[in-house]
Amino acid sequence: MSLDPILERLNAAQRAAVTAPLGPVLVLAGAGSGKTRVLTHRIAWLIQAEGVSPHAILAVTFTNKAAGEMRARVESLLGMPPGVLWIGTFHGIAHRLLRRHWHEAGLVESFQIIDSEDQQRLIKKLIKAQQLDETRWVPREVQWFINSNKDEGRRSKHLKAGNDPIRAQMIRLYALYEDACARSGVVDFGELLLRAFEVWRDQPALLEHYRQRFRHVLVDEFQDTNTIQYAWLKLLAGADGCPFVVGDDDQSVYRFRGARVENLQQFGRDFPAVKLFRLEQNYRSTGAILAAANGLIANNAGRLGKTLWTSGEQGEPIRLYAAFNERDEAEFVCQRIRDHVAHGGLHRDVAVLYRSNAQSRVFEEIFLAARMPYRVYGGLRFFERAEIKDALAYLRLIANRRDDASFERVVNLPTRGIGAKSLETIRAAARDAACPLWAAARACLGDALGPKASEALRGFLELIERLADEVKGLALHEQVDRMLTVSGLIEFHKRDKADRGEARVENLEELVSAARGFNADALETDLPPLEAFLAHVTLESGEGQADAWEDCVQMMTLHTAKGLEFPIVFLCGMEDGLFPHQRSIGDLDGLEEERRLCYVGMTRAMKQLYLTYAEQRRLHGIDSYSQPSRFIKEAPEELIEEIRPRLQVSRPVASGRFAREPSHEAVPVRRALSASRSLRSEPPPMPGMRLGARVRHGKFGEGVILNLEGSGPQARVQVNFERQGTKWLVMQYANLEPL
DNA sequence: ATGATGATATTTTTT
DNA sequence: ATATCATCAT
């Protein structure tokens, strides 16, 4: 058999990793170095050269998209569908295991998965039921407490409160939440992982079976694994498995959701026989872009060490644009994209990247006005829309009468006269009897509830029963369709005034299509189609793949951009406080993560990279002034070319780069004459009194100048004092001392 | 049961 | 500025 097709397109380092002898392997793969390629080729190599059965291979990713891509690439490499080979997300695979071994895992056979919104609702309910003050016990925080403990493999019974009453209450809520989930037969995302881990840990025979079966585990984006995912992998690999993990410590940007870069080092300790490979040749970016990214990331301590290089061209310098404000920033980007398109480029070559979603707004406004086609990634996904979740709640209730969250969601939707008071009665009854709401509701009929409420409730219960009965044996999409009509959901939204209602009806119809296109076999379980569909829908909340191929400017957060590449990248909002984000600045780990995020952003660019920042930005309704991001200064100065010649005035930092001669690049007339420019070219009222400068006040202490008005001694100045907050002062009397 | 009012918070996100 | 959410009045 010829192995050429597998190896011929690999460089030496990639080839070494792909053909590594069986055993633990760690591949440190820099951005754009062919990480996924190595992973997929390794799979092909195992099958074709090592004679490993596809049956024995498990490939794990974090997102459905990555899993899909990997499957497609393996298929094209092998020239056939990889068949029994398991490729999936951590959650998807855990789910599959739990479906097979629901009994051993201590679950009910028909367990359903809830997403984080459902989870939060449930927690909120628990807090209310405990009569706790919601301002002190914030559902989001309790949710975070529960999830992060699950991520670390800790159940409520493992936690000690010590002398901390707040913690004690948290633990209590965690325990209550566990009970509630068990009673409702639902499982959250973290639970999938934790259960899958526990079922192996506690059932040696089962574990042994899977160890024998999956001798070859491959993991993508290993730096994003959390504690429980890693523990699960370690269990599976055992002492003599062959885990093959690929990751990049410099691209670890999910610490906030439990990812632990340390797992990379830990891997080496846990598998002493590990073979380490580094992929440092980058095939994506120009020399200048790589050098800038390398220079930046070199500021992080404790890296595993890796320097990207390219044999390609140095390319154009990185361009830096200092905008007056966020509109100017967006207009600049817009203009540059126009130029690109005017020269025959495509809109979709261009990505506008930013730190936080809110920043997309201004760009959207400007692009809209300029008739520039764009697409914003992120935001609500299909299956997360309220009307879809309502419909799913009906389906869940049909599938599982014990699902309290779904019961609450739709018992009075469309409104049928079951108000808060009736619901409270039902809840109380459920609490007393320790039974699901459904059963409690039955018991309350005509007894605890008045005749009117009873009638309404009976209507609801019968509706569900009737639906469940009627829908049996129908094709999945007919079940969905029937439910939508009989429940009155469609009618309900049709009555809603035009705009929103119409879109919702369309979405509901889209749900029917989704059901029609759903292939239940994919899960490889004997689950009835409806249950399989519900599980699928929660686990894959639906990428907005619709118009992905239209020729649009791509807009997304830096996090979303990870794993993607674009010929032209604009990294926008490069301001201290925005990026790095204010909340990360104080803390070294946080700052380093922001830096990695910047590194990720820069290395998305293939040909051209722009960095932009706004000196003035309207944020949360107030204007604020900021320093250019420290990350700008961390990239080698000689690689960066400033686009706009700066005036001496509004330059917050007098560092070498910002003080140097204006570049010779033409300044658009419109911009040179813009109003904000002329306002800003007023001379500072006093030496050292400029925007962003630090000053000391006799009474208020130290602060930063936010705004200047007028000139001479009558000038007024706005200062943000560290202690006293923001104040307007008259220069003449303020006696400010420049620092 | 719907709509007005006011308080509050506002990184990043997958599953 | 704005979005979300709770509470209250209608």
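My aim in this report is to walk through the structure given alongside it, one point at a time. As the structure is a prediction and not an experimental result, all values here were calculated from the model.

Attention now moves to the overall build of chain A. Each helix and strand in chain A was counted, giving 32 helices and 21 strands. The burial tally for chain A puts 53% of its 739 residues in the buried class. Within chain A, contacts between residues separated by at least 24 positions form 72% of all contacts whose residues are at least 6 apart in sequence. For chain A, the exposed area adds up to about 33100 Å²; of that, 51% sits on carbon and sulfur atoms.

For the coordinates displayed, the defined rule picks out five cavities of 30 Å³ or more. In this model, the largest cavity occupies a volume close to 100 Å³. Taken together, Ile114, Asp118, Arg121, Lys389, Leu392, Ala393, Arg396, Asp403, Ala405, Ser406 and Arg409 make up the full set of residues lining the largest cavity. Looking at the lining of the largest cavity, the elements that each hand over two or more residues are α6 (116–129), α16 (386–399) and α17 (404–410). Of the residues forming the lining of the largest cavity, the biggest block, four residues, is contributed by α16. A per-class count over the lining of the largest cavity returns four nonpolar, one polar and six charged. Three or more residues apiece are contributed to the lining of the largest cavity by two domains, here domain 2 (112–184) and domain 4 (384–539).

Our focus in this paragraph is the side chain of Asp115. Along the chain, Asp115 turns up in the loop between β4 (112–113) and α6. Aside from chain neighbours lying at most four places away, what touches Asp115 is Phe189, Lys389 and Thr538.

Our next topic: α6. Between its terminal C-alpha atoms α6 stretches 20 Å, which fits the 20 Å expected from 14 residues at 1.5 Å a residue. Of the positions making up α6, those classed as buried are Asp118, Gln119, Leu122, Ile123, Leu126 and Ile127. Buried residues along α6 sit against α7 (139–151), α8 (165–184), β5 (186–187), α16 and α17. Structurally, the start of α6 carries an N-cap: the backbone nitrogen of Glu117 is 3.0 Å from a side-chain oxygen of Asp115. Count one or two residues on from α6 and you reach Gln131, which has phi positive near 60°.

With that out of the way, let us pick up unusual backbone geometry. Following Leu413, the chain continues into Pro414 via a peptide bond in cis, with omega recorded as -5°. Along the polypeptide, Pro414 turns up in the loop between α17 and α18 (420–433). The linkage connecting Phe579 with the following residue, Pro580, adopts the cis geometry, with an omega of 5°. Position of Pro580 among the secondary structure elements: in the loop between β13 (566–571) and α26 (582–585). Although it is not a glycine, Glu221 adopts a positive phi angle of roughly 50°. Tracing the sequence through the fold places Glu221 in the loop between β6 (216–219) and α11 (227–237). Owing to a relative accessible area of 16%, Glu221 belongs among the buried residues under this scheme. A positive phi angle is found at Ala434, which is not glycine, with a value near 50°.

What follows concerns the protein's contact with DNA strand C. Taken together, the residues surrounding DNA strand C are Lys124, Arg361, Arg618, His620 and Gly621. The contact atoms of DNA strand C, taken as those within 4 Å of the protein, divide so that sugar and phosphate hold 41%. One nitrogen or oxygen atom from the side chain of Lys124 is found 2.4 Å from a phosphate oxygen belonging to DNA strand C. The residue makeup of the surface near DNA strand C, split by class, is no nonpolar, two polar and three charged.

Bringing the packing of aromatic side chains into the picture now. Enumeration over the complete set of coordinates arrives at 21 aromatic pairs. Relative to Trp438, the ring of Phe407 lies with its centre 6.3 Å away and its plane at 90°, an arrangement referred to as edge-to-face. Pair noted here: Phe407 is in helix α17 and Trp438 is in helix α19 (residues 437–444), with a separation of 31 residues, a long-range link. Here Phe407 and Trp438 have matching classes, each one buried. Relative to Phe533, the ring of Phe518 has its centre 5.3 Å away and its plane inclined at 65°; by these criteria the two rings are edge-to-face. Remark: Phe533 occurs in helix α24 (residues 529–539) and Phe518 occurs in the loop between α23 (498–516) and α24; sequence separation between them is 15 residues. We note that Phe518, like Phe533, is buried.

Residue placement: Asn325 occurs in strand β9 (residues 318–325). Separated by 3.0 Å, the side chain of Asn325 and the backbone nitrogen of Arg327 make a polar contact. Polar side-chain contacts of Asn325 include one of 2.8 Å to the backbone nitrogen of Asp328.

This brings us to the nonpolar core. If you look at the biggest cluster of nonpolar residues, it comprises 53 residues, and the most contacted ones within it are Phe407, Phe460, Met483, Leu484 and Leu511. Aside from chain neighbours lying at most four places away, what touches Met483 is Ala391, Tyr394, Leu395, Ile398, Leu467 and Leu489.

Criteria and cut-off values
In every chain, residue numbers begin from 1 and rise along the written sequence. Note on labels: chains are lettered from A, ligands numbered from 1, in written order. This being a predicted model, a pLDDT of at least 70 is required before a residue's local features are given, and a value of 80 or more before pairs of side-chain atoms are given or counted; all residues contribute to the totals for chains, interfaces and linings. Processing note: side-chain calculations cover all non-hydrogen atoms of the structure and skip hydrogens and water entirely. Strands are runs of DSSP state E lasting at least two residues, helices are runs of H or I lasting at least four, and both sets are numbered from the N terminus onward. Buried residues are those whose accessible area, probed at 1.4 Å on protein chains only, stays under 20% of the maximum for their type, while exposed residues exceed 50% and partly exposed ones sit between those limits. Whether two residues are in contact is decided by their heavy atoms, any of which lying within 4.5 Å being enough. Here the accessible surface of atoms and residues is derived via Shrake-Rupley with a 1.4 Å probe, and residues count as covered only by protein chains that are part of the display. Here a cavity is any set of points on a 1 Å grid over the protein atoms alone where a 1.4 Å probe fits but cannot get out, and a pocket is any open set with protein on both sides within 12 Å along at least 5 of 7 lines; a residue lines the site when it has an atom within 4 Å of a point. Grid points are joined across faces, edges and corners, and a volume is the space filled by probe spheres set on the points. Throughout this entry, Asp, Glu, Lys and Arg are counted as charged residues, while Ala, Val, Leu, Ile, Met, Phe, Trp, Tyr, Cys and Pro are counted as nonpolar. The remaining residues, Gly among them, count as polar. Here the limits of each domain have been adopted from an automatic or database domain assignment. In a helix, the anticipated span is given by 1.5 Å times the number of residues less one. The definition of a polar contact used here is a pair of N or O atoms within 3.5 Å, where within protein one atom must be able to donate a hydrogen and the other to accept one, and adjacent residues in sequence count solely through side-chain atom pairs. Note on definitions. A residue lies near a molecule or strand when any single heavy atom of the residue is within 4 Å of it. Two aromatic rings from Phe, Tyr or Trp, using only the six-membered ring of Trp, form a pair when their centres are within 6.5 Å; if the ring planes differ by under 30 degrees the pair is stacked, by over 60 it is edge-to-face, and anything between is tilted. We call a set of buried residues a nonpolar core when its members are Ala, Val, Leu, Ile, Met, Phe, Trp, Tyr or Cys and they connect through side-chain atoms within 4.5 Å of each other.

Just distances and angles here, no functional claims.
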